[in-house]
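Secondary and tertiary structure notes
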Amino acid sequence: MSKAETIESLLREADTLLLGLFSNALVGVYVIQDNRFVFVNERLAEIFGYSQEALCDGLGPMDLTSPVDRELAQREIDRRVQGSVKTSFYRFCGLCKDGSSVNVEVFGVATQYAGQAAIIGILLDVSERTAAERAVADQLRFIGQLVDTIPSPVFFKDEEGRYLGCNAAFEQYIGIGRQDLVGRSVYDISPKDLADKYFAADQALFEQRGTQTYEAAVSYADGSRHDVVFYKATFNKADGSLGGLVGVIHDISERKRMEEAIWHEANYDPLTGLPNRRLLRDRLREELKRAERKHSELALLFIDLDRFKEVNDTLGHDIGDLLLIEAGKRICAALRASDTVSRQGGDEFVVLLPDLAKKSSAAQVAQEIIDALARPFDLEGHQAYVSASIGIAFFPEDSGKVETLIGYADQAMYAAKAQGRNAFCYFKPSMQSSAMARLELSNDLRRALAENQFELYYQPITDLGSGRTAKAEALLRWHHPKRGMVGPAEFISLAEEIGIIGEIGDWVFHQAIATASHWREIQGEHASAVQVSINISPRQFISGICDDWIGDLQRHGVDSQLLSVEITEGLLLDDRPAVVDTLLAFRDAGIQVSIDDFGTGYSAMSYLKKFDIDYLKIDRSFVRDMTTDPSDLAIAEAMIVMAHKLGIKVIAEGVETEAQKMLLVQAGCDYAQGYLFARPMPQADFFRYVAAQLG
């Protein structure tokens, strides 16, 4: 049947069809004319709570329209009646007979009824649907507001990976507004290297729906990048098909920075910035594995700064720290980029030299380091000198174990020190026994004080004018239970190294004042007093152990004139309060101070009067050659003249011949000490020696 035939057939059946429409139980049907209902079906009357007759008895559409929507409804009716439009569809809030409201949709068509303009239309009750839509809208609005309050960046993408939206935090995080984001892909907003990673991750998630977590970077609008973790999950459409994904970004940049800072702190020396012991061992472990695979050699250099403790004790720890920093830089300058230099602590450094072409390369590097460290250090106006002792051990020749290789290089370093310092030495198996002996000696030294193995010997100091003993230097001796007598040259530096020099020095002090007091008791009050002189190392000053000595003298009733202390020249340059205050306290208490080995260390002329120095001791190196070297004689004579001009008396050390004695007497020297007069002796022998002089 053609379209024309169909229309003609419908027109013939129009009455039947219209009656069927009017009787529809699901939709309301109405005819209005002059703003009054001409007809309403039963369903429409039911929707508004009226009867059909009541609605068609003078009521119109405005009576069924809420006041808020009457203007809208009237406008739409007028447009059709006036012929502006043929049809109209709109939604309004209806007013029921009982005062309640109902949401309706209406579709009306302009027509003619009884020769006049009219409107015929249908009306649907959409209250339930409107309520559902409102609930959905409210829920979506709530979700939108909730997502916007989430501090972490959140984004949504469709199944093609295009952005559907985001929250405010995402906009702020990447610097792109959501209006500029929707519909774009990661390639539109991110650098290609990052976009490739994002896209691949999205596709993997789409292919295997569920959740996904991975670390990546995010590029800011300013070009900077931040480390983040992506948490993603897919979502489905109503029909179960893939709808896209939602993602949350968690910025871990600060955590990464903290982790890096913690790792750096755990693996690098805070002073020099060089790898520390831990990182060195990690790198050495890896290099040993690599060298074993490649059948190559590597060398380990253990470096110790000679005389660093002297610089640290005399110029202070701050200057010592500057020296360590500069030393680290000089060592690094002598190395390849593939080498590692590590600070082990104190003044010790270790260098790792992998992939050695030949063993002589390690020697060449060691010598370059020695030469570099021998140059003077200018440290904030202070000039300091150190040298380096270096021990070298090889893989695979010496060992393939980390700690063993380090230990062997350490032993070789001590051998270099023993050979005169400022040199390097290769490890030899025989050194292991020396190292074990040194360790054993350290352990024995720790027990020596508690087990009363120490004894003070006294070497007389003669007054060159009277020829009598006026003073004595207390010299420490160690009676080792197995080795016999151990000289101070062998154990004093070891005592400083293991940190017990303070305890030993305190013991020496109390023994010395006991000796002086005992001599006074034996000889009586009016007998000539013999002053006992004790040596104090810079470390004893810094430790503060000397602070109690003056109080001990007073508590024991010992005359402070019976005690003098010997210090090195360099200590006068130390301006730390611990040193200055102690020296001044000694002066105020009447304890005399001697400068030991004068002329061999720092020049400190201006400090001699500042601290009221009482004695200068001319070093034995000048006295030894006085009779054969005019220069040494001239130096000794100049020292004596200078000291006397400053009101300081002079003691010459190492006097062994009558000729030396005579030259010193002629030069006006006050006192002399040496084998010409007496060797160091135990306390009892010393008492007898002095008593014999007194007759």
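Summarised in this report is the structure supplied together with it. Nothing here was measured: the structure is a model prediction, and the numbers come from that model.

1. Observations concerning the pairing of strand 9 (residues 225–236)
Pairing analysis gives nine bridges linking strand 8 (residues 211–219) to strand 9, with the strands arranged antiparallel. Within the sheet, the bridge partner assigned to A216 lies in strand 9 and is V228. Pairing between strand 9 and strand 10 (residues 242–251): nine bridges, direction antiparallel. Counterpart to F235 in the pairing with strand 10 is G244. Where strand 9 folds back onto strand 10 in an antiparallel hairpin, the turn is made up of five residues, including G240, whose phi is positive at roughly 90 degrees.

2. Section: the sheet that holds strand 4 (residues 101–113)
The sheet built from five strands is open, its strands ordered 2-1-5-4-3 with antiparallel pairing. Of all strands in the sheet, those bounded by a partner on one side alone are strand 2 (36–40) and strand 3 (87–95). The average angle at which neighbouring strand axes cross in this sheet is 30 degrees, direction not considered. Two strands pair when backbone bridges link them, and strand 1 (residues 28–33) and strand 2 are joined in this way by four bridges, in the antiparallel orientation.

3. Notes on the pattern of salt bridges
According to the stated counting rule, one finds 38 salt bridges in the structure shown. Salt-bridge contacts for R79 lead to E76; the nearest nitrogen and oxygen are separated by 2.9 Å. In this pair, R79 and E76 are both assigned in helix 5 (residues 70–81), three residues apart and thus about one turn of the helix distant. Take R79: its relative accessible area is 32%, and that puts it in the partly exposed class. One salt bridge in this structure joins E259 and R255, with 3.3 Å as the shortest N-O distance. Within this pair, E259 and its partner R255 are both found in helix 10 (residues 253–267), separated by four residues, close to a single helical turn. E259 gets classed as partly exposed once you look at its relative accessible area, which sits at 39%.

What counts and how
- Residues numbered from 1 in each chain as written.
- Predicted model: local features only at pLDDT ≥ 70, side-chain atom pairs only at ≥ 80, totals over all residues.
- Heavy atoms only, no water.
- Pairing = 2+ DSSP bridges.
- Helix = DSSP H or I, 4+ residues; strand = E, 2+ residues; numbered from the N terminus.
- Axes fitted to C-alpha atoms, helices over the stretch in contact; angles between N-to-C directions.
- Salt bridge = Lys/Arg side-chain N within 4 Å of Asp/Glu carboxyl O.
- Buried < 20%, exposed > 50% of the residue type's maximum accessible area, 1.4 Å probe, protein only.

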